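Here's the letter readout for the chains.
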Amino acid sequence: MPETAPVPTHLGIIMDGNGRWAKERSLPRTAGHNEGLKALKRVILAAKAEGIKVVTFYAFSTENWKRSEQEVAYLMHLIVAKLHGELAFYNRHGIRVKGRGDLSALPPAVQEAIASTEEATKGNESITAVIAINYGGRDEICRAVNRILKTNDQKTISEEEIRQNLDLPDLPDVDMIVRSANERRLSNFLLWESAYAELGFYEALWPDWGADEIQTICRDYGQRVRKFGGVE
Ligand code: FPP
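So, here's what we can say about the structure. Worth saying up front: this structure is predicted, and the values here are computed from it rather than measured. (Residues numbered from 1 in each chain as written. Predicted model: local features only at pLDDT ≥ 70, side-chain atom pairs only at ≥ 80, totals over all residues. Heavy atoms only, no water.)

Observations concerning the nonpolar core
- Counting residues in hydrophobic clusters, the biggest one holds 39 residues, and the most contacted among them are Ile13, Phe57 and Trp206.
- The element contributing the most residues to this core is helix α2 (residues 29-50), with six residues.
- Residues in contact with Ile13, not counting those within four places in the same chain, are Val43, Val55, Thr56, Phe57, Tyr58, Val178, Phe189, Trp206 and Trp209.
- Counting nine residues, the second largest nonpolar core, distinct from the first, contains Ile14, Tyr58, Leu190 and Ala197. (Core = buried A, V, L, I, M, F, W, Y, C linked by side-chain atoms within 4.5 Å. Buried < 20%, exposed > 50% of the residue type's maximum accessible area, 1.4 Å probe, protein only. Helix = DSSP H or I, 4+ residues; strand = E, 2+ residues; numbered from the N terminus. Contact = heavy atoms within 4.5 Å.)

Take a look at the structure:
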């Protein structure tokens with residue numbers, strides 16, 4: 001049997017282009033986010049079909065509070081309505097949902113939606129969908145360091161201690177980070193975990209993503225040679 005190329009165990013996705021997708025159709029930006037959520041569901045199923053075990057979606061960054069009050073409110077509404085509201089979908093497909101980020105600063109209804117969805121899906125084993133909300137890579141590292149400082153008074157901190165105090169220490173590092181809408185930045189996403197991640201930038205706007213994009217990403221990943229600082 002031919003050896004199959006590896007797929008990323010953990011894929012990180014920066015969902016970009018919802019606003020442009022809506023603008024092209026003369027629709028409000030919120031329509032782009034609503035459509036983006038449908039893409040998110042297609043992508044989870046496609047990732048599961050490829051054998052990817054964890055997908056982390058960048059849904060709301062620590063910088064996204066700068067958007068209009070109306071857009072922030074709509075995104076928070078989507079998270080509440082579509083996290084717990086889509087429980088049947090997650091459970092039917094064996095999707096475990098986890099939140100990542102400074103969740104304590106979110107409105108109580110959002111915190112509650114995340115907590116109850118995590119609880120209701122914790123036994124699912126096909127794929128883990130991590131939703132990064134109020135997430136910033138620098139903020140995550142600062143919170144990890146502050147957690148360590150609270151529990152001991154040592155003067156030096158090791159890489160391993162920081163790693164263990166990140167938001168989801170049990171998940172593997174991200175193998176590949178991809179971004180839609182042809183933007184080529186990490187935008188403060190998974191900064192610690194991406195030290196050796198492959199990067200991929202794709203033209204399609206996020207609401208247009210589906211199985212084709214995930215298959216392309218897996219093919220691209222399979223062609224990369226990962227050396228982790230060593231030699232081949
Ligand atoms: C980026 O497009 C997209 C976002 C900042 C939000 C992504 C959020 C979702 C798809 C919904 C998440 C909901 C749940 C339940 C996880 P943009 O607005 O920056 O697009 P633009 O650059 O074209 O303006």
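Back to the text.
Quick look at the site of the ligand
- For the ligand, the set of nearby residues contains 18 residues, the closest of which are Met15, Gly19, Arg20, Arg29 and Arg67.
- Arg20 places a polar main-chain atom, nitrogen or oxygen, 2.7 Å from an oxygen atom of the ligand.
- Assessed atom by atom at 2 Å from the grid points, the ligand resides in the largest pocket.
- Secondary structure elements with two or more residues in the shell around the ligand: α1 (18-24), α2 and α3 (69-83).
- The biggest single contributor to the shell around the ligand is α2, with five residues.
- Partitioned by chemical class, the residues of the shell around the ligand number eight nonpolar, six polar and four charged. (Near = heavy atom within 4 Å. Polar contact = N/O pair within 3.5 Å; in protein donor to acceptor, adjacent residues only side chain to side chain. 1 Å grid on protein atoms, 1.4 Å probe; cavity = no way out; pocket = protein on both sides within 12 Å on 5 of 7 lines; lining within 4 Å. Sits in = over half its atoms within 2 Å of the grid points. Nonpolar A, V, L, I, M, F, W, Y, C, P; charged D, E, K, R; others polar.)

Considerations on the layout of surface pockets
- By volume, the largest pocket amounts to about 660 Å³.
- Forming the boundary of the largest pocket are 31 residues, of which Met15, Asn18, Tyr58, Ala59 and Phe60 lie nearest the centre.
- Top element by residues in the lining of the largest pocket is α2. It accounts for six residues.
- Looking at the lining of the largest pocket residue by residue, the classes come out as 14 nonpolar, eight polar and nine charged.
- The space that makes up the second largest pocket amounts to roughly 220 Å³.
- In terms of lining, the second largest pocket is formed by 13 residues, of which the most central are Asp173, Trp192, Glu193, Ala195 and Tyr196.
- Here the residues of the lining of the second largest pocket sort into six nonpolar, no polar and seven charged. (Points joined across faces, edges and corners; volume = space filled by probe spheres on them.)

Some points on empty space enclosed by the protein
- Here the structure, examined in full by the defined rule, presents two cavities of 30 Å³ or more.
- Taken as a whole, the largest cavity encloses approximately 70 Å³ of empty space.
- Taken together, His10, Arg100, Arg163, Leu166, Leu168, Pro169, Leu171, Pro172, Asp173 and Glu193 make up the lining of the largest cavity.
- Its residues assigned to classes, the lining of the largest cavity comprises five nonpolar, one polar and four charged.

Quick look at the packing of α2 against helix α8 (residues 211-223)
- The geometry of α2 relative to α8 is characterised by a closest axis approach of 8 Å and an angle of 40 degrees between their N-to-C directions. One way to sum up the angle between α2 and α8 is to call them oblique. Both α2 and α8 take part in a crossing whose hand is right-handed. The residues of α8 that touch α2, namely those facing Val43, Ala46, Ala47 and Glu50, are Ala211, Ile214, Gln215 and Cys218. (Axes fitted to C-alpha atoms, helices over the stretch in contact; angles between N-to-C directions. Parallel < 35°, antiparallel > 145°, perpendicular 65-115°, else oblique. Left-handed = near helix turned anticlockwise from the far one by under 90°.)

Spatial relationships are all this shows, so hold off on functional conclusions.
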